[in-house]
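Here is what each chain is made of, one letter per residue.
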Amino acid sequence: MNVLDAIKIRRSIRSFERRSLPPEVIQSIEDAILHSPSGSNAQESHFVIVQDPDQIRRIKRFAQGLSGDPAAVVVLCTNKEEALARGGLDTAEVLRFVNLGIAAAYILLTASSLEVGSCPARSFHQKAIKEILGLPEGIEPELLISLGYSNQPPRPKSSKPVREVISYDQYGKEKP
Ligand SMILES: Cc1cc2nc3c(=O)[nH]c(=O)nc-3n(C[C@H](O)[C@H](O)[C@H](O)COP(=O)(O)O)c2cc1C
């Protein structure tokens, strides 16, 4: 599947089949993470791919934004100190979140291209998730992405009108 098709079919999936993901899918998620760009190539983010059902159950207890029973959860973490050391102040203050967002998009689209459903979730108890994963000091969980096979047909996407989102040449100008 090409990238634009993967973009167009992706929707947030909140209900999953009870089916685990084959190792090739996890390998592809790993590839997506490792090929994701970062400012100054700082690569300060850390990712925990959770497939152990007990560990997923523990995470779900402290993540109200995580719906359904996903086969895997990717926990996307920032590392402010490493960001500062490897990329400087702008990376520590801003780019570490931009970098994490790009990595999230890579993960979502890789899943989509393999017809695996996903949903980002920011609603979770950061301290509890940090403890469950045994994250060291300075490594903070910022976003969860659930992964699994959807058990419901995708709903159509509702988007704002294009002119409210995209301008050409100057703010507010329509396509020439
Ligand atoms: C940064 C971010 C955080 C999100 N957090 C949650 C969440 O905590 N719970 C949830 O159900 N959905 C969450 N979502 C999913 C959004 O609700 C969803 O992307 C949005 O409604 C658009 O739908 P779509 O993803 O199907 O296009 C989040 C999405 C993003 C990008």
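Definitions and limits used
Sequence order as written defines residue numbering, which begins from 1 separately in each chain. Owing to the predicted nature of the model, reporting of local features is limited to residues with pLDDT of at least 70; listing and counting of side-chain atom pairs is limited to 80 or more, with chain, interface and lining totals taken over all residues. Note that the side-chain values use all heavy atoms of the structure and ignore hydrogens as well as water. If even one non-hydrogen atom of a residue comes within 4 Å of a molecule or strand, that residue is called near it. Whenever two N or O atoms come within 3.5 Å, that pair is a polar contact, provided that in protein one can donate a hydrogen and the other can accept it, and provided that, for residues adjacent in sequence, both atoms are side-chain atoms. Note on areas: Shrake-Rupley, 1.4 Å probe, and residue coverage restricted to the protein chains presented here. Strands here mean DSSP runs of E at least two residues long; helices mean DSSP runs of H or I at least four residues long; both are numbered from the N terminus. Side-chain classes follow a simple rule in which Ala, Val, Leu, Ile, Met, Phe, Trp, Tyr, Cys and Pro form the nonpolar group, Asp, Glu, Lys and Arg form the charged group, and the remainder, Gly included, forms the polar group. Exposure classes here rest on a 1.4 Å probe applied to the protein chains alone. A residue is buried below 20% of its type maximum, exposed above 50%, and partly exposed in between. The criterion is simple. A nonpolar core is a set of buried Ala, Val, Leu, Ile, Met, Phe, Trp, Tyr and Cys residues joined through side-chain atoms within 4.5 Å. Residue contacts follow a heavy-atom distance rule, with two residues in contact if any of their heavy atoms lie within 4.5 Å. Cavities and pockets were defined on a 1 Å grid built over protein atoms only: a cavity is a set of grid points that admits a 1.4 Å probe from which the probe cannot escape, a pocket is an open set flanked by protein on both sides within 12 Å along at least five of seven lines, and lining residues are those with an atom within 4 Å of any such point. Grid points are joined across faces, edges and corners, and a volume is the space filled by probe spheres set on the points. Following DSSP output, two strands are said to pair if at least two bridges run between them.

A. Spatial organisation of the site of the ligand. Contacts to the ligand come from Arg10, Arg11, Ser12, Arg14, Gly65, Cys119, Pro120, Ala121, Arg122, Ser123, Leu143 and Lys157. Within the side chain of Arg10, one N or O atom sits 2.9 Å away from an oxygen atom of the ligand. Here an oxygen atom of the ligand and a backbone polar atom of Ser123 are 3.1 Å apart. Surface burial for the ligand is 60%, taken as the share of its 610 Å² of free accessible area covered by protein chains. Among the elements that take part in the shell around the ligand, strand β3 (residues 117-121) stands out by supplying three residues, more than any other. Looking at the shell around the ligand residue by residue, the class counts come to four nonpolar, three polar and five charged.

B. Here's a closer look at helix α6 (residues 126-133). Within α6, burial applies to Ala128, Ile129, Lys130, Ile132 and Leu133. Positive phi appears at Gly134, one or two residues downstream of α6, with a value of about 65°.

C. Structural context of the nonpolar core. Ranked by internal contacts, the top residues of the largest apolar core, which has 21 residues, are Leu21, Leu76 and Leu147. Put simply, the parts of the chain that give this core at least two residues each are α2 (23-34), β2 (72-79), α5 (89-113) and β4 (139-148). Top contributing element to this core by residue count: α5, with six residues. Leave out the neighbours within four places in its chain, and Leu21 touches Ile26, Ala71, Ala72, Val116, Leu147, Gly148 and Tyr149.

D. Main features of the layout of surface pockets. Put simply, the largest pocket is a space of about 290 Å³. Taken together, 13 residues form the lining of the largest pocket, with Arg18, Pro53, Asp69, Pro70 and Ala71 sitting closest to its centre. Looking at the lining of the largest pocket, its residues break down into five nonpolar, two polar and six charged.

E. Quick look at the pairing of β3. Of all five residues making up β3, four are buried, and the element is well covered by its neighbours. In this structure, β3 lies alongside β4, joined through five bridges in antiparallel fashion. Bridge pairing in β4 places Ser118 opposite Leu147.

F. Looking closely at the environment of Glu24. The topology assignment puts Glu24 in helix α2. Residue class for Glu24 comes out exposed when judged on its relative accessible area of 53%. Remark: the alpha-carbon pair of Glu24 and Leu114, spanning 90 residues in sequence, is separated by 9.8 Å.

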